[in-house]
Amino acid sequence: MATAPNSPTDAGAGNRTVILAGRLVRPDLGVVEDNRYILVEDGVVKEVGEPGAAIRDAEIIDLSHMTVLPGMIDCHTHLTLPASFGDLIGELRRWPAQCALEAIPNLRAKLHSGFTVVREAGSYWALVDVAVRDAIAQGLVEGPRMQVPGAMVTMTGGAGALTGISHEVALPRSLTFGQANSPAQLRERIRDLVSNGADVIKIFASGAVMQHGCCAPTDTEFTLEELETAVHEAACLGRKVMAHAHAPQGIRNAVQAGVASIEHGTMLDEEGAAMMKQRGTYLVPTLAVWEGREERKQRPAEFVARAAIIENHHDEAFRCALAAGVNIALGSDSVVRPHDKGARELFQMVRLGMSEMGALQAATVNAARLMSLDDAGSIAPGMRADIIAVKGDPLSDIEAMDDVRFVMQDGIVRKNAAND
């Protein structure tokens, strides 16, 4: 099928499309197969097999010179935050509608870099991500399918709060929507978030880098009792909890409380890794944030100083998780790094000892399991037709994933630069 570069082509509205794959990566099976065809109909994969089958009335997409993979899944993004986040005055000048509109190019960049599904990790203005998710689902804008938290759940002055302004300044409810300071308040916040459309709960178990004032990354935020309350309430409402945690005690508290994933895990130690392995807790490591050293120098000096506290621990923490057999899913923390550079996380995981197939599994089947998606993360009959392609062989050179040339989402061709 001849498709103009980057023009959306509907292969999912009653059409039959056959993709010819030179190499097909099957992360669910842990294998690579040569010379396969993929039959797509109504946005769903119908067949995967060897060429030669007689398929009538089907348009052909020839990727026989490329490596074909499932669309990637990013479990930690901030697509509705501005690149300049941390600028307090700038944040206070923005409107929620402005946040949503400014996210549009971020969504496109993320999708066109090969990520067909993401799990948002929150922004300051509450429920903006809910509106963006719904706009994508309605076809109003182009972007990855999203799971969203609605707001970041944090204590007053904590890592998810807009801090650094005078206590005399009263913030609007949209900027304090996720703040809680007791088990009872946590229940209320989580109920409020779910009733307003949150798919997942994002909570802080430690301080953070990108924050003014109190709660450094080495500090612990919510207590074990509070975290257990949050996990229980979320589970009652059919939601999982993702926990931001740098500090070892914050990690242990969150794992013991039963969260689904630890985000960052920068200072994870052997004790914490053993707990994660035992309980099946996922690690979403966000390793590639450290690649932007020159960009980071432009951040507020307070942020730079906080980053220096934990940066040197991150590699060892990941190796510790890998040695313990912890479940690992890809998360780029995009906004800290450009939204179209999420595949750099694959490179970092391989650099630290994970196999290339293991890294690709972290970006596909593992991420799908963490997000409870039974129709994404692999190319097999019955799965959504989320399909990408790269030149070269990512199983021998993972950096091939930096240049995704073809993207199909739900059977719709979103990008086709396969012959460029």
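Not measured: the values here are computed from a predicted model.

Caption draft 1: A look at the overall build of the protein. Within the protein, the secondary structure is distributed over 13 helices and 17 strands. For the protein, buried positions account for 58% of its 420 residues. Look at the contacts in the protein between residues 6 or more apart in sequence, and 72% of them connect residues 24 or more apart.

Caption draft 2: Molecular detail of the environment of A135. Following the sequence through the fold, A135 ends up in helix α3 (residues 128-137). A135 sits in the buried class, given a relative accessible area of 16%. Setting aside anything within four residues of it in sequence, one finds A135 in contact with L140 and V141.

Caption draft 3: Highlighting helix α2 (residues 96-112). For α2, which comprises 17 residues, the first-to-last C-alpha distance of 25 Å matches the rise-based estimate of 24 Å (1.5 Å per residue) to within 8%. At I104, α2 shows its strongest bend, of approximately 35°, with the proline P105 following within four residues. Where α2 is concerned, the buried positions are C99, A103, N106, L107, K110, L111 and H112. Packed against the buried residues of α2 are β6 (72-77), β7 (115-120), α3, β8 (145-147), β16 (404-409) and β17 (412-416). Phi for G114, located one or two positions after α2, is positive at around 110°.

Caption draft 4: Representation of the packing of aromatic side chains within the structure. This structure, assessed with the given rule, holds zero aromatic pairs. Against the face of F115 rests K110, its NZ or CZ located 4.4 Å from the ring centre. Cation over ring: R344 sits above F347, and NZ or CZ is 4.4 Å from the ring centre.

Caption draft 5: The arrangement of the packing of α2 against α3 in detail. At a minimum axis separation of 9 Å, α2 and α3 run at an interaxial angle of 50°. Relative to α3, the element α2 is oriented oblique. Of the two elements, α2 crosses α3, and the hand of that crossing is right-handed. Counting all contacts with α2, which are made through P96, C99, A100 and L107, the residues of α3 involved are V128, V132 and I136.

Caption draft 6: Focus on the nonpolar core. Of all hydrophobic cores here, the largest spans 63 residues; its most connected members are M72, I203, I262, L346, M349 and M401. Setting aside anything within four residues of it in sequence, one finds M349 in contact with L287, F318, I328, L330, M354, A359 and A362. W125, I136, V148 and L175 belong to the second-largest nonpolar core, a separate cluster that totals 24 residues.

Caption draft 7: Spatial organisation of the sheet that holds β7. Judged by pairing direction, the sheet is parallel, and its three strands sit side by side in the order β6-β7-β8 without closing on themselves. Unpaired on one side and paired on the other, β6 and β8 mark the two borders of the sheet. Neighbour-to-neighbour, the strand axes of the sheet open up by a mean angle of 20°, direction not taken into account. Across three bridges, the pairing between β7 and β8 is parallel. Across the sheet, residue R119 finds its bridge partner in β8, namely Q147.

Caption draft 8: Quick look at the side chain of E221. Following the sequence through the fold, E221 ends up in the loop between β10 (201-204) and α5 (224-236). The exposure class assigned to E221 is buried, which follows from its relative accessible area of 7%.

Caption draft 9: Layout of unusual backbone geometry. The backbone phi angle of N35 is positive, close to 50°, even though this residue is not glycine. You can see N35 is positioned in strand β3 (residues 31-41).

Caption draft 10: Looking closely at the confidence of the model for the protein. On average, residues of the protein score 90 in pLDDT, and 89% of them are at 70 or above. Between residues 1-9, whose pLDDT stays under 50, and residues either more than four places distant or in other chains, the model counts 23 contacts.

Caption draft 11: Region of interest: the sheet that holds strand β12 (residues 261-264). In spatial order, the strands read β9-β10-β11-β12-β13-β14; together these six strands make up an open sheet with parallel pairing. Edge positions in the sheet fall to β9 (152-153) and β14 (327-328), since each has one partner strand and no second. With three bridges connecting them, β12 and strand β13 (residues 282-284) associate as parallel partners. Each residue of the ladder has a partner; that of E263, found in β13, is V284.

Caption draft 12: Highlighting the environment of I61. Along the chain, I61 turns up in strand β5 (residues 59-70). Classification of I61 as buried rests on a relative accessible area of 2%. When the C-alpha atoms of I61 and L20 are compared, they prove to be 6.3 Å apart, with 41 residues separating the residues in sequence.

Caption draft 13: Here's a closer look at the environment of E345. Tracing the backbone through its elements, the reader meets E345 in helix α11 (residues 344-351). For E345, a relative accessible area of 0% puts it in the buried group. Considering only alpha carbons, one finds E345 and D402, 57 residues apart in sequence, at a separation of 9.9 Å.

Caption draft 14: Examining the pattern of salt bridges more closely. Applying the stated criterion across every chain, the model contains 25 salt bridges. Its salt-bridge partner being R414, residue E142 comes within 3.7 Å of it at the nearest N-O pair. One end of the pair, E142, is in the loop between α3 and β8; the other, R414, is in strand β17, with 272 residues separating them in the sequence. The class of R414 is buried, set by a relative accessible area of 17%. Measuring nitrogen to oxygen at the nearest pair gives 2.7 Å for the salt bridge that ties R384 to D410. Here R384 is found in the loop between α13 (365-370) and β15 (387-390), whereas its partner D410 is found in the loop between β16 and β17, with 26 residues between them in sequence. The class for D410 is partly exposed, based on a relative accessible area of 24%. Three or more residues joined by partner-sharing salt bridges are found here, namely R145, D375, R384, D386 and D410.

Cut-offs used in this document
- Residues numbered from 1 in each chain as written.
- Predicted model: local features only at pLDDT ≥ 70, side-chain atom pairs only at ≥ 80, totals over all residues.
- Heavy atoms only, no water.
- Helix = DSSP H or I, 4+ residues; strand = E, 2+ residues; numbered from the N terminus.
- Buried < 20%, exposed > 50% of the residue type's maximum accessible area, 1.4 Å probe, protein only.
- Contact = heavy atoms within 4.5 Å.
- Expected span 1.5 Å × (residues − 1).
- Bend = angle between axes of the 7 residues up to and from the residue.
- Phe/Tyr/Trp six-rings, centres within 6.5 Å; stacked < 30°, edge-to-face > 60°.
- Lys NZ or Arg CZ within 6 Å of the ring centre and 35° of its normal.
- Axes fitted to C-alpha atoms, helices over the stretch in contact; angles between N-to-C directions.
- Parallel < 35°, antiparallel > 145°, perpendicular 65-115°, else oblique.
- Left-handed = near helix turned anticlockwise from the far one by under 90°.
- Core = buried A, V, L, I, M, F, W, Y, C linked by side-chain atoms within 4.5 Å.
- Pairing = 2+ DSSP bridges.
- pLDDT = per-residue confidence, 0-100.
- Salt bridge = Lys/Arg side-chain N within 4 Å of Asp/Glu carboxyl O.

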